[in-house]
Amino acid sequence: MLDDQKFLADLQDSNADVRFAAWRQAGQASPAVIPQLGKLAASSQPGSAKAAREALATMTHAVGKDPSAPIRAAVVKGLLDLSGDGYALPVRVHALRLLSGIAGPDAVPALVKWIQQPDLREEVVFCLERIPGPAAAKALLAAYRDAPDIFKPRLLAALGHLRVAEAVGLCTEAMRSANAEIAVAAVKAFGRIGAKPATPPALPDPKTLSAWQQIERLDGILRYAEARAKEGDAAEALRVYRQALERPEEHWQCAAVIGLARLGSAEAAAVLLTRLNSPNSTVRITARNAWKSMAASKA
């Protein structure tokens, strides 16, 4: 273990090589120095501030390599303290970014305190969505109701990344939002989660969406169908692909054709058969190639 006072003094040395050597050894430092590092990271001296930030990162990486490291919990607690309002905003942001690599479920109550603070909420969500288990998911779900509209798409994205099945109801509700950003984010999260709701959701009207949002809407729907197919729910996947085939856009139809081929069932083949002579050449070629791939897989 390093000598705390010498370590801190070296981080503030006027010689850049001394500062560099100090922060490179920070993995051997005591977590007791974290509060001082937090203050030093806000120093008006750029070299010392950088050295302190790098020292915090080195300490974090050192315990991140080994989940059983004896000082890991103390480092997490120290960084959680740095994320509090007693420290400068850049230091708080830095602490939260470091916590995203080592924080566990026990840290969720401390992290979620800052989720409604505009300057910190993105960092908090990024941290929470990397914590396994139900605690982080519940915190994100709870935060959604009081979040401003501008931040709801980010929370929906996090719930989608974590594939929180309990968020399906929230997603289907958010799809009906008059705010296109929220509605599309809900479709994307719904697709990533892939859980089947009690009733088919009311998807946002594509006429109210930009061209890019329409693509994202389609991607979410097809992700959902693919997820249902992987779960063995071929009937639900087939229902979605049938709907996609009825769309006039060729990319919708082609995506549905590929999905049907992957299903590989007799029911899917019967639906695919209807597009083998499509008047749209792209759809027709895609369907015929998909038909051949289905036939080859059965051979």
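It should be emphasised that the depicted structure is a prediction, and the values quoted were computed from it without experimental measurement. (Residues numbered from 1 in each chain as written. Predicted model: local features only at pLDDT ≥ 70, side-chain atom pairs only at ≥ 80, totals over all residues. Heavy atoms only, no water.)

**Describing the overall build of the chain**
Check the secondary structure of the chain and you find 17 helices and 0 strands. What you see for the chain is a C-alpha radius of gyration of 26 Å, clearly larger than the 19 Å of a compact globule of 299 residues, by over 25%. Along the longest, intermediate and shortest principal axes, the C-alpha atoms of the chain span 80 × 45 × 30 Å. Across the 299 residues that make up the chain, the buried fraction comes to 48%. Contacts in the chain between residues at least 24 apart in sequence constitute 60% of all its contacts with a sequence separation of at least 6. Surface exposure of the chain reaches about 15,000 Å², of which carbon and sulfur atoms provide 53%. Looking at charge distribution, the chain has the averaged site of its 37 positive side-chain charges lying 6 Å from that of its 30 negative ones. (Helix = DSSP H or I, 4+ residues; strand = E, 2+ residues; numbered from the N terminus. Rg over C-alpha atoms; globule rule 2.2 N^0.38 Å. Buried < 20%, exposed > 50% of the residue type's maximum accessible area, 1.4 Å probe, protein only. Contact = heavy atoms within 4.5 Å. Areas by Shrake-Rupley, 256 points an atom, 1.4 Å probe, with all protein chains shown as cover. Lys, Arg positive; Asp, Glu negative; His and termini not counted. Charge placed at Lys NZ, Arg CZ, Asp CG, Glu CD.)

**Quick look at the domain arrangement of the chain**
Along its sequence, the chain is organised into domain 1 (1-102) and domain 2 (241-299). Taking the mean C-alpha position of each, domain 1 and domain 2 sit 57 Å from one another. (Domains from an automatic or database assignment.)

**Let's talk about the nonpolar core**
Counting 97 residues, the largest nonpolar core has Phe7, Leu37, Leu111, Leu128 and Leu156 as the members making the most contacts within it. Per-domain counts for this core show at least three residues from each of domain 1 (1-102) and domain 2 (241-299). With sequence-adjacent residues up to four places away left out, Leu156 is seen in contact with Tyr144, Leu170, Cys171, Ala174, Ile182, Ala185, Ala186 and Ala189. (Core = buried A, V, L, I, M, F, W, Y, C linked by side-chain atoms within 4.5 Å.)

**Comments concerning the packing of aromatic side chains**
Per the stated rule, a full pass over the model turns up 2 aromatic pairs. Here Phe20 and Trp23 contribute two aromatic rings whose centre-to-centre distance is 5.2 Å and whose plane-to-plane angle is 75°, an arrangement assigned as edge-to-face. Remark: Trp23 and Phe20 occur in helix H2 (residues 16-24); sequence separation between them is 3 residues, near one turn of the helix. The lysine or arginine in question, Arg92, covers the ring of Trp114, its NZ or CZ lying 4.6 Å from the ring centre. Stacked on the ring of Trp252, the Lys or Arg Arg247 has its end atom at 5.1 Å from the ring centre. (Phe/Tyr/Trp six-rings, centres within 6.5 Å; stacked < 30°, edge-to-face > 60°. Lys NZ or Arg CZ within 6 Å of the ring centre and 35° of its normal.)

**Side note on the packing of helix H9 (residues 134-146) against helix H10 (residues 152-161)**
Where H9 meets H10, the closest approach of the two axes is 10 Å, and the angle between their N-to-C directions is 155°. It follows from the interaxial angle that H9 and H10 lie roughly antiparallel. Judged by the twist between their axes, the crossing of H9 over H10 is left-handed. For the pair formed by H9 and H10, the contact residues are Ala137, Leu140, Leu141, Ala143 and Tyr144 on the first element and Lys152, Leu155, Leu156, Ala158 and Leu159 on the second. (Axes fitted to C-alpha atoms, helices over the stretch in contact; angles between N-to-C directions. Parallel < 35°, antiparallel > 145°, perpendicular 65-115°, else oblique. Left-handed = near helix turned anticlockwise from the far one by under 90°.)

**Notes on empty space enclosed by the protein**
Counted according to the given criterion, the structure contains 1 cavity of 30 Å³ or more. Considering only enclosed or pocket space, the largest cavity measures out at about 30 Å³ in volume. Pro206, Gln214, Arg217, Arg247, Glu249 and Trp252 together form the lining of the largest cavity. In terms of residue class, the lining of the largest cavity is made up of 2 nonpolar, 1 polar and 3 charged. (1 Å grid on protein atoms, 1.4 Å probe; cavity = no way out; pocket = protein on both sides within 12 Å on 5 of 7 lines; lining within 4 Å. Points joined across faces, edges and corners; volume = space filled by probe spheres on them. Nonpolar A, V, L, I, M, F, W, Y, C, P; charged D, E, K, R; others polar.)

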